[in-house]
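Structural features, examined
Chain by chain, the residues run as shown.
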Amino acid sequence: MLRKPIIAGNWKMNNTIAETEALVKDLIPLVADAKCDVVICTPYTDLAKAVELTKGTNIKVGAENVHWAEKGAFTGEISAKMLVELGVEYVIIGHSERRQYFGETDASVNMRTKAALAAGLIPIVCVGETLEQREKNRTKAVIRKQINGAFADIPEEDAKKIVVAYEPVWAIGTGKTATDEQAQETIKNIRGMIAHLYGRKFANRLRIQYGGSMNPKNVAGLMAQPDIDGGLIGGASLKAEDFSKVVKY
Ligand code: 13P
């Protein structure tokens, strides 16, 4: 298999430690026989509990953001080293909610990605267009800028660890999934952009997920597309039953 599929949950700002305990305990047996990589990305406060509960299982744990500096005067922030010491292996970077509400830019996405890679974390780098951008036929240009920005000055040996998540902003939390064809077309284009940066062979090995209202009903069609290597799941990752169905598409 050239690219092992990867399904990751993005819990966003949901679940206390007690709720994490209940959800992860339900999830472990349901996904034990999954053929893809399984990741849950949780709020910082839930990470230690999630790591403790998933030890020895096939579930990996990720954070939802990371600061770019090694340490220092950055009140309220969390470094990559802090995450690694906890046993965290993945981190979502540049989610559209962070771009929209917290001033995330392509430059800060690049800095966070470099810091994550330097510490040994696997970055899940998010890109995607808004509805307005899609309607103005700007999807490709917008995403090319995000991809070029995120991967800037990252050498091939590091870049190969990155997972890209294509999340059209209009499909997030709206119940309005991109069609299989829309998702495939854009993800194929993203693979082309990666090929432009690192060569075709490299691009053919990089994993690219789809995200945006992915659920047990639409997962099979999306995963059947030749360029779609997995999913980044919001709402449906908060219910063990639903997430396990997505994982076992
Ligand atoms: P939903 O699955 O709730 O649409 O969220 C997608 C998402 O933003 C995952 O990062």
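A full pass over the atoms with the stated rule returns 4 aromatic pairs. Consider the rings of Tyr 198 and Phe 202, whose centres lie 4.5 Å apart with planes at 25°: the pair is stacked. Residue Tyr 198 is classed as buried on the basis of its relative accessible area of 15%. Put simply, the rings of Phe 151, Tyr 198 and Phe 202 touch in pairs and so form one group of aromatic residues.

Near the ligand you find Asn 10, Lys 12, His 95, Glu 167, Ala 171, Ile 172, Gly 173, Gly 212, Ser 213, Leu 232, Gly 234 and Gly 235, and these make up its full shell. Within the side chain of Lys 12, one N or O atom sits 2.9 Å away from an oxygen atom of the ligand. Within the side chain of His 95, one N or O atom sits 2.7 Å away from an oxygen atom of the ligand. Calculation on the ligand without its partners gives an accessible area of 310 Å², and the protein chains cover 95% of this total. By residue class, the composition of the shell around the ligand is 3 nonpolar, 7 polar and 2 charged.

Direction vectors running N to C along helix H5 (residues 106-119) and helix H7 (residues 139-151) enclose 40°, while the axes themselves pass 7 Å from each other. Considering how the two elements wind past one another, H5 and H7 form a crossing that is right-handed. Residues Asp 106, Val 109, Asn 110 and Thr 113 of H5 form the contact with H7, whose participating residues are Lys 145, Gln 146, Gly 149, Ala 150 and Phe 151. Tallied by class, residues from the contact of H5 with H7 come to 3 nonpolar, 4 polar and 2 charged.

What follows concerns the nonpolar core. Core analysis: the largest hydrophobic core is formed by 64 residues, its most contacted members being Ile 40, Ile 147, Phe 151, Val 164, Ile 190, Ile 194 and Tyr 210. Element by element, the count of residues in this core is highest for helix H9 (residues 180-198), at 7 residues. Counting 11 residues, the second largest nonpolar core, distinct from the first, contains Ile 6, Val 39, Ile 124 and Leu 232.

Moving on: the packing of helix H1 (residues 17-31) against helix H2 (residues 44-54). At their nearest, the axes of H1 and H2 sit 9 Å apart, and the two run at 30° to each other. Taken together, the axis directions place H1 and H2 in an arrangement best described as roughly parallel. Crossing handedness for the pair H1 and H2: right-handed. Taking contact as the criterion, the partners of Ile 17, Thr 20, Glu 21, Val 24, Lys 25 and Ile 28 in H1 are, on H2, Thr 45, Asp 46, Lys 49, Ala 50, Leu 53 and Thr 54. Grouping the amino acids of the contact of H1 with H2 by side-chain chemistry returns 5 nonpolar, 3 polar and 4 charged.

Conventions adopted
Residues numbered from 1 in each chain as written. Predicted model: local features only at pLDDT ≥ 70, side-chain atom pairs only at ≥ 80, totals over all residues. Heavy atoms only, no water. Phe/Tyr/Trp six-rings, centres within 6.5 Å; stacked < 30°, edge-to-face > 60°. Buried < 20%, exposed > 50% of the residue type's maximum accessible area, 1.4 Å probe, protein only. Near = heavy atom within 4 Å. Polar contact = N/O pair within 3.5 Å; in protein donor to acceptor, adjacent residues only side chain to side chain. Areas by Shrake-Rupley, 256 points an atom, 1.4 Å probe, with all protein chains shown as cover. Nonpolar A, V, L, I, M, F, W, Y, C, P; charged D, E, K, R; others polar. Axes fitted to C-alpha atoms, helices over the stretch in contact; angles between N-to-C directions. Helix = DSSP H or I, 4+ residues; strand = E, 2+ residues; numbered from the N terminus. Left-handed = near helix turned anticlockwise from the far one by under 90°. Contact = heavy atoms within 4.5 Å. Core = buried A, V, L, I, M, F, W, Y, C linked by side-chain atoms within 4.5 Å. Parallel < 35°, antiparallel > 145°, perpendicular 65-115°, else oblique.

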